[in-house]
Amino acid sequence: MTKSDASALSTDVSHIAPREKAEILSQALPYIRKYHGKTIVIKYGGNAMTDPALQQDFAEDVVLLKLVGLNPVVVHGGGPQIEELLGKLGKKGHFIQGMRVTDKETMDVVEWVLAGEVQQDVVGMINAAGGKAVGLTGRDGGMIRAKKLKVQDKDDPSKEHDIGQVGDIVSIDPSVVKALQDDQFIPVVSPIGFGEHNESYNINADVVAAKLATVLQAEKLLMLTNIRGVLDKEGQLLTELTPRRIDELVADGTISGGMIPKIAGAIDAAKSGVNAVHIIDGRVPHAMLLEILSDQAYGTMIRSK
Ligand code: ADP
Ligand code: MG
């Protein structure tokens, strides 16, 4: 689906008769009842974040979920936006085993983009749609403690690479998120953690979303991305995956790149008691609403065993 197809789809409901609209709405009731008061963690990233019409759909969905009594928590990414600003600043990226070497200057850019730009865009969109979003980084409320991610050499395990301020989560204290939720606010979290010496760490947003879903004992973790879900070697959508099957797909290279931390986070969350973990297509208008408030299955569901 192209972006313009998606934008056109997102607003055109004129062909639906009022009777059918009422029917559709009433079918959401069992789901609203089931999820009332439950926490839903949403990882927002990829293409869905760069198309304005889809952004608006996303913000409206979040607000609607909050108003019908669910507790959405948004964790956003920002890879493409970071890439863009680094490019403008003429900073050449160095990568080791696919991970960006994050020196002090790069980390400054990461913080500007994530906490200054992307987070405030998401907060602004949700507020414009009638919600009360509050932006947080992992520093706020002492939420995300992190340490330097250790990267073993893929050929020589005795060798370690220094990739700078890329972080591994030590612990998450969700009390600030809980306080906001109880007060009608919608938390929007940037994936930045702090270390022992108050230094900042850039953490993969999928990993943050998964761990936050676990510590919040969320009912659902939804990872919105720029692809239909997890695909097999032939490009077919895999609607359900077990940890064992995932291991095979990673080992044979079918799952690669950005899907690796995403699927790893998804398995962790599923195994740690998050009831439903889904990787869904953020390019589909109202993908999140359809997933939560209908019996339609979308994308890939990750099983705990
Ligand atoms: P996001 O911004 O949503 O985190 P990423 O680019 O980090 O997006 O991760 C999603 C990407 O993972 C897809 O666009 C795709 O290019 C890649 N990918 C690698 N292996 C697979 C797979 N087996 N199925 C689906 N996507 C995959
Ligand atoms: Mg990613």
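One numbering rule holds for all chains: residues counted from 1, following each sequence as written. Working convention: letters from A go to chains and numbers from 1 go to ligands, in the order in which they are written. Owing to the predicted nature of the model, reporting of local features is limited to residues with pLDDT of at least 70; listing and counting of side-chain atom pairs is limited to 80 or more, with chain, interface and lining totals taken over all residues. The basis for every side-chain value is the complete set of non-hydrogen atoms in the structure, without hydrogens or water.

As recorded in an unreviewed UniProt entry, the protein goes by the name Acetylglutamate kinase, listed as coming from Roseateles aquae. UniProt positions are given in the numbering used here, feature names are shortened, and annotations may be inferred rather than shown by experiment. UniProt, in its Catalytic activity (unreviewed entry) section for the protein, records the words "N-acetyl-L-glutamate + ATP = N-acetyl-L-glutamyl 5-phosphate + ADP". As recorded by UniProt, the Subcellular location (unreviewed entry) comment attached to the protein reads in full: "Cytoplasm".

Draft legend 1. Seen up close, the overall build of the protein. Comment: elements are numbered from the N terminus, with helices defined as DSSP H or I runs of at least four residues and strands as E runs of at least two. A count of helical and extended segments in the protein gives 11 helices and 16 strands. Projected onto its principal axes, the C-alpha coordinates of the protein cover approximately 65 × 40 × 40 Å. Considering the protein as a whole, with its 305 residues, one finds that 48% of them fall into the buried category. Should any heavy atoms of two residues lie within 4.5 Å, those residues are counted as being in contact. The long-range fraction of contacts in the protein, counting pairs at least 24 apart against all pairs at least 6 apart in sequence, stands at 74%. Accessible surface, the protein as shown: approximately 15,100 Å² in total, 52% of it carbon and sulfur. Of note, the protein has its 33 positive side-chain charges centred 3 Å away from the centre of its 40 negative side-chain charges. Relative accessible area decides the class of each residue, using a 1.4 Å probe on protein chains only: under 20% of the type maximum gives buried, over 50% gives exposed, and in between gives partly exposed. Every accessible area reported is derived by Shrake-Rupley at a probe size of 1.4 Å, with residue values counting cover from the shown protein chains alone. Working convention for charge: Lys and Arg count positive, Asp and Glu count negative, and His plus the chain ends are omitted. For the purpose of locating charges, the reference atoms are NZ of Lys, CZ of Arg, CG of Asp and CD of Glu.

Draft legend 2. Molecular detail of the site of ligand 1. Whether a residue is near a molecule or strand depends on its heavy atoms: if one lies within 4 Å, it is near. In the neighbourhood of ligand 1, 17 residues make up the surrounding shell, with Thr225, Asn226, Leu231, Thr254 and Lys262 lying closest. Between ligand 1 and the protein, one listed contact pairs an oxygen atom with a side-chain N or O atom of Lys43 at 3.2 Å. We define a polar contact as two N or O atoms separated by no more than 3.5 Å, with the added condition that, inside protein, one atom must be a possible hydrogen donor and the other a possible acceptor, whereas residues neighbouring each other in sequence contribute only through side-chain atom pairs. Residue Ser256 places a main-chain N or O atom 3.1 Å away from a nitrogen atom belonging to ligand 1. Across the complex, the protein chains shield 74% of the 570 Å² of accessible surface that ligand 1 would expose by itself. Of all elements in the fold, only β13 (220–225) and α10 (259–271) reach the threshold of two or more residues within the shell around ligand 1.

Draft legend 3. Quick peek at the UniProt feature "site: Transition state stabilizer" (unreviewed entry) in the protein. Feature annotation in UniProt places "site: Transition state stabilizer" (unreviewed entry) on Lys43 and Lys262, given in this structure's numbering. These annotated residues cover 220 residues of sequence, but their C-alpha atoms sit close together, with the largest distance between any two at 9.7 Å. Mapped onto the secondary structure, Lys43 falls in strand β1 (residues 39–44). Residue classification places Lys43 among the buried positions, given a relative accessible area of 6%. Contacts of Lys43, omitting those with residues within four sequence positions, involve Val75, Gly77, Ala205, Asp206, Ala209, Leu222, Met223, Leu224 and Lys262. A polar side-chain atom of Lys43 sits 2.8 Å from a polar atom in the side chain of Asp206. Position of Lys262 among the secondary structure elements: in helix α10. Once you skip the residues sitting within four places of it in the chain, Lys262 turns out to touch Lys43, Asp206, Met223, Thr225 and Ile279.

Draft legend 4. Structural detail: the sheet that holds strand β10 (residues 186–190). A pair of strands is considered paired only if DSSP assigns at least 2 bridges between the two. In spatial order, the strands read β5-β10-β2-β1-β13-β15-β16-β14; together these 8 strands make up an open sheet with mixed pairing. On the outer flanks of this sheet lie β5 (133–137) and β14 (240–241), each paired with one strand and no other. Strand direction decides the pairing type here: β1 and β13, joined by 5 bridges, are parallel. Of the residues in β13, the one forming a bridge with Ile40 is Lys220. All axes here are fitted lines through C-alpha atoms, helices being fitted over the stretch that makes contact, and every angle between N-to-C directions spans 0 to 180 degrees. Together, β1, β2 (71–76), β5 and β10 form the strand contacts of helix α6 (residues 104–128), whose direction differs from that of β5 by roughly 160°.

Draft legend 5. Region of interest: the pattern of salt bridges. A carboxyl oxygen of Asp or Glu within 4 Å of a side-chain nitrogen of Lys or Arg is what we treat as a salt bridge. A complete count under the given rule lists 15 salt bridges for this structure. For Glu84, the salt bridge identified is with Lys88, shortest N-O distance 3.5 Å. Residue Glu84 and its partner Lys88 are located together in helix α5 (residues 79–88), separated by 4 residues, close to a single helical turn. Note that Asp108 and Lys104 form a salt bridge whose closest N and O atoms lie 3.1 Å from each other. On the criterion of helical spacing, the pair formed by Asp108 and Lys104 is a turn pair, its members being 4 residues apart in helix α6. Looking at Lys104, the relative accessible area reads 56%, which means it is exposed. Counted as one network, the salt bridges with shared partners bring together Lys43, Asp206 and Lys262.

Draft legend 6. Molecular detail of the environment of Ile255. Its place among the elements puts Ile255 in the loop between α9 (243–251) and α10. As a C-alpha pair, Ile255 and Val230 span 25 residues in sequence and 7.7 Å in three-dimensional space. Apart from the residues lying within four places of it in its own chain, the contact partners of Ile255 are Val230, Ile246, Leu249, Val250, Ile260 and Ile263.

Draft legend 7. The arrangement of the packing of aromatic side chains in detail. Planes of paired rings set the category: under 30 degrees apart is stacked, over 60 is edge-to-face and the rest tilted, where pairs are Phe, Tyr or Trp rings (Trp by its six-membered ring) whose centres lie within 6.5 Å. All chains considered together, the criterion is met by 1 aromatic pair. Note on Tyr44 and Phe58: the rings are 3.6 Å apart at their centroids and 5° apart in plane angle, and the pair reads as stacked. With a gap of 14 residues between them, Tyr44 in strand β1 and Phe58 in helix α4 (residues 52–67) connect regions that are remote in the sequence. Neither Tyr44 nor Phe58 differs from the other in exposure class; each is buried.

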